[in-house]
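Remarks on the overall topology
Residue strings, one per chain:
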Amino acid sequence: MAKAITDRDGNHYFLDQTEVNQIKYVCELVRKDILETLHFVGRGHSGPSLSIVEILVTLYFKELRINPEDPKWSDRDRFILSKGHGAVGYYAVLAQRGLIPREELKTFETLGTRLQGSVDSIWLPWVELTTGSLGQGLSVSLGIALGAKRLGNDIRSYCLLGDGETQEGNVWEAAMAAAKFEQDNLLAIVDWNGLQGGVTLEVMPSLEPFLPKWEAFGWHAIEVPGNDVEALLNAYHEARHVKGKPTVIVARTTKGKGVSYMENKVEWHSGKVTDELYEQAASEINARLEALSDYSVLK
Amino acid sequence: MEWQKSSLREALGKTLLELGGKVPNMLVINADLRNSVKSIYFMNEYPERTIEVGIAEQNMIGVAVGLSMMGFIPFAVTFARFASKRAADQISLSVDYCRSNVRIVGAYAGIFAGAQGASQQMIDDTAALRSMPNMTVIDTADVHEIRAVLHYAVEHEGPLYIRIGRDMWPVIFDENYEFRFGKGTWLREGGDVVLLNSGVLLPYALEAADVLSAEGIDAGVINMPTVKPIDVDLINDVARNVGAIVTLENHNILGGFGGAVAEVLVENYPVPMERIGIRDEYSESAPNDDLAERHELTAPHVAAAARRALKRKHKLAL
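No experiment lies behind these values; they were computed from the predicted model shown.

Rules and cut-offs
- Residues numbered from 1 in each chain as written.
- Chains lettered and ligands numbered in written order.
- Predicted model: local features only at pLDDT ≥ 70, side-chain atom pairs only at ≥ 80, totals over all residues.
- Pairing = 2+ DSSP bridges.
- Helix = DSSP H or I, 4+ residues; strand = E, 2+ residues; numbered from the N terminus.
- Axes fitted to C-alpha atoms, helices over the stretch in contact; angles between N-to-C directions.
- Contact = placed C-beta atoms within 7 Å.
- pLDDT = per-residue confidence, 0-100.
- Domains from an automatic or database assignment.
- Core = buried A, V, L, I, M, F, W, Y, C linked by C-beta atoms within 7 Å.
- Buried ≥ 20, exposed ≤ 12 C-beta atoms within 10 Å, placed from the backbone.

1. So, the sheet that holds strand 4 (residues 157–162) of chain A
All names here are of chain A. Strands sit in the order 3-4-5-9-8 across an open sheet of 5 strands; the sheet is parallel. The open sheet is flanked by strand 3 (78–81) and strand 8 (220–225), the only strands paired with a single partner. The mean inter-strand angle of the sheet, taken between neighbouring strand axes irrespective of direction, is 20°. Relative to strand 9 (residues 247–252), strand 8 is paired through 6 bridges, and the arrangement is parallel. Its bridge partner lying in strand 9, Val224 is registered against Ala251. Contacts from helix 5 (residues 137–150) reach strand 3, strand 4 and strand 5 (186–192), with the element oriented near 170° to strand 4.

Below, the structure is given as structure tokens:
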């Protein structure tokens, strides 16, 4: 059933199934580009890119206030991909959004490319901050949020972290300070795919119970199925209406989402996509695109 | 020699306060040590432009980066040990690699840290930050140089690290002191040997020059606050025209100012050079004078180093 929510500019609208399907269609196009890129280049972080497709597509197509003509437009919302190794997924979303040429994806991780292995603000103007040394993004997002409020600007600051990344102490330093500063223009999203770098989170020092940790630090915490477009859009809407504290969305995603042999497989944090594996993945994605073909109109 | 003395950290605090009145978009970020480093003066006058992150230096640096991206001029101010290597990776990637306009002020730099011992001293911050490709590193000698360097810092483009001491310390310069970015300055001409100083050991250099002069040795003194980018031209001039150098720094002799000078010499005019500084060891709790003596930083030791350099120079000339 359609539910009334507001967009980033405060306009009310009904999120109906048609629109949700249109966004899902874009997500599958992004997945296809990710696979094509990994196959073409012969390496890259597949799992950490596939898990965040719905998060990035909903952000870049529905949530973030950006100017497609000007990556440095002063009033833009700021997004930091703190888990910088989700780079392929990020570039594929930029390409589908028309912010970089799709052809450029083939240059990923080659000499002189703007598409560095971890997202890089020196090379690509759409990137706010070079990341990949994990745990640093949220502090910078907090600084941006503080700066925006000082300027009296309604810019919002968004930060996407990996679940394993929150083992870094720097994340919790930022979390503590953000709550103290009542930074309600700051939204953290944690890609909780349950795997990290080749192992499951269970073998690590425990992060659970995860939501109560953020709540104890003074945050408003929302848990959503992280590959669910509608749930993500509703969560963004909710976060924008929380006053006096920052919000975290714990997005319970599936690592390697959308490629059956990669899903929830620790060995697919990264790896080589052979011709055969590429064909299999492409046929799975094509089948979903075919099923959603009535919705291929989203601009 | 009896010097008039003035507090280095007071100079830091008062200059931040002074700049606050001139630079509306300047912010000071504290990590709990506002009373020690005297940024409390700024905080008392401009509480709305002070950000206190607590004992969390990694977050301090990240927040400073974010604020700089929004057009503010953030000064992250705490002890040199915590301001530099406690957040070294944040400084490396978010500040240095990203060329963020963040000013990091490391107070209590070197071994003169209020007799608080090795954990509050910092002898390897220049070494760590100097090797970051976009970083500028400046050391300061007295209250007037501190003031001038902090004024310069507002205008600086890109990552900047400033070393500042703590205690009552000899006043060398006066109100007319002008900081020249990237340049060394002759304080005393001399043709036999040159004492190249960066930071608070400057009075020892000047005293040593007097000692040497009494022996008939013509010792020059150059003050070189900018450790990076180092004044290559002046170092080459000194090497070519004088041919014997002693460096002075309140830092490990490995990787710091002496290292920077040696790098220039070895690629251009490899002349005899001696280093005054902490000789690759940790220090301890003690009054400053005792520490200076223990680490052989004072004028007699500087003069001895100058004689050694001169002797090597004469050997070369034979």
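2. Let's talk about the confidence of the model for chain B
Summary statistics for chain B give a mean pLDDT of 97 and a share of 100% for residues scoring 70 or more. Our summary of model confidence lists the complex with pTM equal to 0.97 and ipTM equal to 0.96.

3. Description of the domain arrangement of chain B
All names here are of chain B. When its domains are assigned, chain B resolves into domain 1 (5–170) and domain 2 (185–317). The interface of domain 1 with domain 2 comprises 28 residues on the first partner and 28 residues on the second. Those elements that place two or more of their residues in the side of domain 1 that touches domain 2 are helix 7 (125–130), strand 6 (136–139), helix 8 (143–155) and strand 8 (168–170). With 4 residues, the single largest contributor to the side of domain 1 that touches domain 2 is strand 6.

4. Things to note about the nonpolar core
Counting residues in each nonpolar core, the largest one holds 194 residues, and the members touching the most others are Leu195, Val302 and Ala306 of chain B. Ranked by the residues each element gives to this core, the list is headed by helix 1 (residues 17–41) of chain A, at 10 residues. When residues of this core are assigned to domains, at least three fall in each of domain 1 (5–170) and domain 2 (185–317) of chain B. Here Val302 of chain B is in contact with Leu195, Tyr204, Ala205, Ala208, Val246, Leu248 and Ile276 of chain B, once residues within four sequence places are set aside.

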